[in-house]
Amino acid sequence: SIEDLARRLGASPATIRRDLDLLETEAPIERTHGGARIRPIRQAEQDFAARESQDIPEKQAIAAAVMRLITPRSTIFLNDGSTIMAIAKAILAAGIEVFAATPAVNVATKLSEGDGVTSCLLGGIVRQSSLATAGPFTDSMAAQINADLAIISPDGVHAESGATFIHPHDAALARRMSERSEKTIVVATASKLQKRERINALGVTAIHTLVTCASAERVAELEHAGLKVVSASLTGKSEHG
């Protein structure tokens, strides 16, 4: 309560009210009658935060390598996931001008912070498990966009099956994004390589470039299958295979 906060902090109720009004816009709290409380966090948000906290240096290195492949003022597709969020943050940090279409509500919101970014949220049914839209509305909107790049983060990348997904809606949208783009870039942490999930989305021939931090040994079979690999170095440099 405001009364309790004023007593604990030694501040006036008027000051506490002003501070709570400010915090409501910047922190996970919401105002209540006579006080404030922690805003409930949805399970999907908690799950995403947990994924985002994993392999941070690897995802940042992948994002840095991808930035070298994005031309300013281009049109790009981004699907969803924590690696895609790292790329969105890199786009903002670079301050480049792009038109970015994504089904990920959190990615679209993050990209909207950039003055040079036109953030396009692909409409559809929001899946609570992924914080992203899916279904025929999403696919229909993606089909109207002509993109330079599709940047896809799959659930697995396999030498025989290419980019694969657990959920059929994710696979279908990845295919649509690739079809509507001049080039398709697949991004994957080392843990996703040589992993084949249940739904095929993009064959090896549909993928222009794979960006990963995995070792040469881990990508050798993928390169032998015909994939062009950009090795994102954790030192900040990238090597083209």
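Conventions and cut-offs
Each chain has its residues counted from 1, following the order in which its sequence is written. Reporting in this predicted model follows two pLDDT cut-offs: at least 70 for local features of residues, and 80 or more for side-chain atom pairs to be given and counted; totals over whole chains, interfaces and linings ignore these cut-offs and use all residues. Neither water nor hydrogens contribute to the side-chain values; these are computed over all heavy atoms in the structure. We call two strands paired when DSSP finds no fewer than two bridges between them. What counts as a helix is a DSSP run of H or I of at least four residues, what counts as a strand is a run of E of at least two, and both are numbered from the N terminus. To estimate the expected span of a helix, count its residues, drop one, and scale the result by 1.5 Å. Per-residue accessibility, obtained with a 1.4 Å probe over protein chains only, is compared with the maximum for each type, and a residue is labelled buried under 20%, exposed over 50%, and partly exposed between these values. Within this scheme a cavity is a closed region of a 1 Å grid, computed over the protein atoms alone, that accommodates a 1.4 Å probe without allowing it to escape, whereas a pocket is open but has protein on both sides within 12 Å along at least five of seven lines; lining residues each have an atom within 4 Å of a point. Grid points are joined across faces, edges and corners, and a volume is the space filled by probe spheres set on the points. The classification used treats Ala, Val, Leu, Ile, Met, Phe, Trp, Tyr, Cys and Pro as nonpolar, Asp, Glu, Lys and Arg as charged, and all other residues, Gly among them, as polar. Throughout, a residue-residue contact means that at least one pair of heavy atoms, one from each residue, lies within 4.5 Å. Salt bridge, as used here: a side-chain nitrogen of Lys or Arg that lies within 4 Å of a carboxyl oxygen of Asp or Glu. Angles run from 0 to 180 degrees between N-to-C directions of axes, and those axes are lines fitted to C-alpha atoms, restricted for helices to the stretch in contact. The definition of a polar contact used here is a pair of N or O atoms within 3.5 Å, where within protein one atom must be able to donate a hydrogen and the other to accept one, and adjacent residues in sequence count solely through side-chain atom pairs.

Comments concerning the pairing of strand E2 (residues 35-38)
Consecutive side chains along a regular strand alternate between the two faces of the sheet.
Here is step 1 of the chain: Inspection of the sheet shows strand E1 (residues 29-32) paired to E2 by four bridges, in the antiparallel sense. Residue pairing across strands places Ile29 opposite Ile38, the latter belonging to E2.
Here is step 2 of the chain: In textbook terms, the turn of a hairpin is the stretch between consecutive antiparallel strands, and for E1 and E2 this stretch comprises two residues, one of which, Gly34, has a positive phi near 85°.

Some points on unusual backbone geometry
Here is step 1 of the chain: Positioned with a positive phi, Arg73 is a non-glycine residue whose angle comes to about 70°.
Here is step 2 of the chain: With respect to the helices, strands and loops of the structure, Arg73 is situated in the loop between helix H4 (56-67) and strand E3 (74-78).

Focus: the environment of Ser112
Here is step 1 of the chain: Counting through the fold element by element, Ser112 comes out in the loop between helix H6 (105-111) and strand E5 (117-121).
Here is step 2 of the chain: As for Ser112 and Ala88, which are separated by 24 residues in sequence, their C-alpha atoms are 9.9 Å apart.

Brief notes about H4
Here is step 1 of the chain: Between its first and last C-alpha atoms H4 spans 17 Å; for 12 residues at 1.5 Å apiece the expected length is 16 Å, and the two agree.
Here is step 2 of the chain: Of the positions making up H4, those classed as buried are Glu58, Lys59, Ala61, Ile62, Ala63, Ala65, Val66 and Met67.

A short note on empty space enclosed by the protein
Gaps left between atoms show up when a probe the size of a water molecule is rolled over them.
Here is step 1 of the chain: Enumeration over the complete set of coordinates arrives at one cavity of 30 Å³ or more.
Here is step 2 of the chain: Taken as a whole, the largest cavity holds about 70 Å³ of empty space.
Here is step 3 of the chain: Looking at the largest cavity, it is lined by 13 residues, and the ones nearest its centre are Asn79, Asp80, Pro103, Asp170 and Leu173.
Here is step 4 of the chain: Contributing elements (two or more residues each) for the lining of the largest cavity: strand E7 (132-134) and helix H8 (168-179).
Here is step 5 of the chain: The element best represented in the lining of the largest cavity is H8, accounting for four residues.
Here is step 6 of the chain: Along the lines of polarity and charge, the residues of the lining of the largest cavity split into six nonpolar, four polar and three charged.

Observations regarding the side chain of Thr189
Here is step 1 of the chain: Residue placement: Thr189 occurs in the loop between strand E11 (181-187) and strand E12 (199-202).
Here is step 2 of the chain: Setting aside residues no more than four positions away along its own chain, Thr189 makes contact with Glu58, Lys59, Ile62, Thr83 and Thr212.

Quick notes on the pattern of salt bridges
Here is step 1 of the chain: Considering all chains together, one arrives at nine salt bridges under this definition.
Here is step 2 of the chain: Measuring nitrogen to oxygen at the nearest pair gives 3.4 Å for the salt bridge that ties Glu113 to Lys110.
Here is step 3 of the chain: Glu113 sits in the exposed class, given a relative accessible area of 52%.
Here is step 4 of the chain: Residue classification places Lys110 among the partly exposed positions, given a relative accessible area of 23%.
Here is step 5 of the chain: Put simply, Glu160 and Arg196 hold a salt bridge, and the shortest N to O gap is 3.4 Å.

Considering the sheet that holds strand E9 (residues 156-158)
Here is step 1 of the chain: Spatial strand order, E9-E10-E12: three strands in an open sheet with antiparallel pairing. Each edge of the open sheet is held by one strand with a lone partner, namely E9 and E12. The sheet shows a mean angle of 40° between the axes of neighbouring strands, direction not considered.
Here is step 2 of the chain: Two elements, strand E10 (residues 162-165) and E12, share three bridges in a ladder whose sense is antiparallel. The residue of E12 that forms the bridge with Thr164 is Asn200.

Side note on the environment of Asp155
Here is step 1 of the chain: With respect to the helices and strands, the residue Asp155 is situated in the loop between strand E8 (147-152) and E9.
Here is step 2 of the chain: Asp155 sits in the partly exposed class, given a relative accessible area of 23%.
Here is step 3 of the chain: Separated by 11 residues in the primary sequence, Asp155 and Ile166 place their C-alpha atoms 6.6 Å from one another.
Here is step 4 of the chain: Within the structure, Asp155 has its side chain in polar contact with the backbone nitrogen of Ile166 (distance 2.8 Å).

Remarks on the side chain of Thr83
Here is step 1 of the chain: Following the sequence through the fold, Thr83 ends up in helix H5 (residues 82-94).
Here is step 2 of the chain: For Thr83, a relative accessible area of 3% translates into the label buried.
Here is step 3 of the chain: For Thr83, the residues in contact, after removing those within four places along its chain, are Lys59, Ile62, Ser153, Val187 and Thr189.

Honestly, it's all geometry; don't read function into it.
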